[in-house]
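Residue-level listing of the chains:
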Amino acid sequence: MDEMPHVEPYKKFDRALFVPAKLKFPQRPTCIFCGSKAVEYHSYTPSTLKHIAADPSFPVFIELKKHRAKCLTCGHCFQAEDADLAPKYAQKIISELLTLTTMKDIANHNNVSPSTVVNVLNKSVTLSSFTLHDSLPEHLCFDEVRTNDNQLSFICIDAVKHTLVALLPGKSSYDIEKIFNGFSLDQRARIKTVTTDLNAYHSNVAERLFPNTEIIIDHFHIIKMINQAFNHERVKKMKLFTKPSVKYNLFKCHWRLFLLTPAKLDNEHPHYRRQLKCSMNDEQIVSEALELSEELLLSHNVIHKLHRAIICNDVLTLACCFRAFKQSFKQVSVQKAQWTRKHGVAYPKNIKNIDNNHLIQTLNTLTTDKKTGPRFECS
């Protein structure tokens, strides 16, 4: 260090400590490219390194000048490097990652960006397969999570205690079966339920690993799939009207109201709606929009009936709704077959007047299993 440290304002900080320093070659350097010792010295390259600071509001920076050299044999330039002068916040970030602290807070504590925290995590941590239990709980949850390097990994937790059971770097069925086959068949036979999403291979793997288990599809994924199908039908009806019209804006600007249960819609406090150019409450917007489409009105009633049945665990109502829509799906299939026989060619998908309802297709997906057939039956 040839100069004394100094304190001055820096960006958003009122004060910051800057420590000037020079990094020279310890001896006659060797070219890192060809190994030749025929080198000549050049000037210094300035750089700024962040250092550990006890007070996040008073950061510390090293104003480092690195000595440069040029190889006379191959012509490449290189500079002095020292691993001990690398940024010192990496180890501190790793220690804070082991605590219940968000990456944004860790970045603020160390005066770095959240992306730097992610880079430190990716370079320092390698995800490997592991389990935290010698025996399996009776109720499991399967899912996928994003881990370091933005990869999808398989995770299994205890459905009752919400504790981690297993975490795998991959998500293939081979990896899942390999780690669970490490448990005895008696332990795997005691598994009563496996809760998962609509991912097909999770259910197939669970059935092969746990002979006495019951597969449960998470309510969230079913409701999300139904809502997406209804939104597709809403957009399809919306596009029948010209874009700047009031009817178009009924479907476009207030789409969230259609997904709320009728009991949660405000029917007492009208507000001025700029897109509709009048004052209306939530219930009036939904009712006026549904009056424009009888098909969308039917779909709206059905999805909220399904929502209530799913949330209240009303299996009978749920099965009846699914069965009614199965009949509607069969009618559409018959209509397509009649069109094919009449015209002598396959049914074209671009014909909208006999196009399938996406809600019907979604419920058909939910109620049909490729191996066993219908999932829901009611008398």
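In case you missed it, the structure is sitting above this.
Being a predicted model, the structure only gives us computed values, none of them experimental. (Residues numbered from 1 in each chain as written. Predicted model: local features only at pLDDT ≥ 70, side-chain atom pairs only at ≥ 80, totals over all residues. Heavy atoms only, no water.)

Once that is clear, we can look at the pairing of strand S8 (residues 152-158). For S8, the buried fraction is high: five of the seven residues fall into the buried class. Strand direction decides the pairing type here: S8 and strand S9 (residues 164-168), joined by four bridges, are antiparallel. Paired with isoleucine 155 across the bridge in S9 is leucine 167. In sequence, S8 turns back onto S9 through a hairpin of five residues, with histidine 162 there showing a positive phi of about 60°. (Buried < 20%, exposed > 50% of the residue type's maximum accessible area, 1.4 Å probe, protein only. Helix = DSSP H or I, 4+ residues; strand = E, 2+ residues; numbered from the N terminus. Pairing = 2+ DSSP bridges.)

On to helix H7 (residues 219-238), then. The end-to-end C-alpha distance of H7, which contains 20 residues, comes to 28 Å, matching closely the 28 Å that a straight helix rising 1.5 Å per residue would cover. By the burial criterion, the buried members of H7 are Ile222, Ile223, Ile226, Asn227, Ala229, Phe230, Asn231, Glu233, Arg234, Lys237 and Met238. (Expected span 1.5 Å × (residues − 1).)

What follows concerns unusual backbone geometry. Located in the positive-phi region is lysine 277, a residue other than glycine, with phi close to 60°. Mapped onto the fold, lysine 277 is located in the loop between strand S12 (271-273) and strand S13 (278-280). Look at asparagine 313: it is not a glycine, yet its phi comes out positive at around 55°. By the secondary structure assignment, asparagine 313 is in the loop between helix H11 (294-311) and helix H12 (315-343).

With that settled, the discussion passes to the packing of aromatic side chains. Counted by the stated rule, this structure contains 14 aromatic pairs. A centroid spacing of 4.9 Å and a plane angle of 55° characterise the contact between tyrosine 10 and phenylalanine 61, whose relative ring orientation is tilted. With tyrosine 10 in strand S1 (residues 6-10) and phenylalanine 61 in strand S4 (residues 60-71), the pair connects residues that are 51 residues apart, well separated along the chain. Taking 6.4 Å as the distance between ring centres and 45° as the angle between the ring planes, the aromatic pair formed by phenylalanine 230 and phenylalanine 258 counts as tilted. Taken together, the residues phenylalanine 230 in helix H7 and phenylalanine 258 in helix H9 (residues 255-259) connect sequence positions 28 residues apart. Just as phenylalanine 230 is buried, phenylalanine 258 falls in that class too. One residue, lysine 22, lies across the ring of tyrosine 44, its end atom 5.0 Å from the ring centre. (Phe/Tyr/Trp six-rings, centres within 6.5 Å; stacked < 30°, edge-to-face > 60°. Lys NZ or Arg CZ within 6 Å of the ring centre and 35° of its normal.)

Close approach of charged atoms allows side chains with opposite charge to pair. Using the criterion set out here, one finds four salt bridges in the structure. Across the pair glutamate 177 and arginine 208 runs a salt bridge, and its minimum N-O distance is 2.5 Å. Residue glutamate 177 is found in helix H4 (residues 173-180), and its partner arginine 208 is found in helix H6 (residues 200-209); the two are separated by 31 residues along the sequence. For glutamate 177, a relative accessible area of 22% puts it in the partly exposed group. The shortest N-O distance in the salt bridge between aspartate 282 and arginine 273 comes to 3.0 Å. (Salt bridge = Lys/Arg side-chain N within 4 Å of Asp/Glu carboxyl O.)

Summarising the element assignment, tyrosine 201 is placed in helix H6. Residue tyrosine 201 is classed as partly exposed on the basis of its relative accessible area of 22%. Sequence separation between tyrosine 201 and serine 172 is 29 residues; the distance between their C-alpha atoms is 8.6 Å. Contacts of tyrosine 201, omitting those with residues within four sequence positions, involve Glu144, Lys171, Ser173 and Ile176. A distance of 2.7 Å separates polar atoms of two side chains, one belonging to tyrosine 201 and the other to glutamate 144. (Contact = heavy atoms within 4.5 Å. Polar contact = N/O pair within 3.5 Å; in protein donor to acceptor, adjacent residues only side chain to side chain.)

Structurally, histidine 254 can be placed in the loop between helix H8 (246-252) and H9. A relative accessible area of 10% means that histidine 254 is categorised as buried. In contact with histidine 254, other than residues within four places in its own chain, are Asn249, Arg273, Gln275, Leu276 and Ile285.

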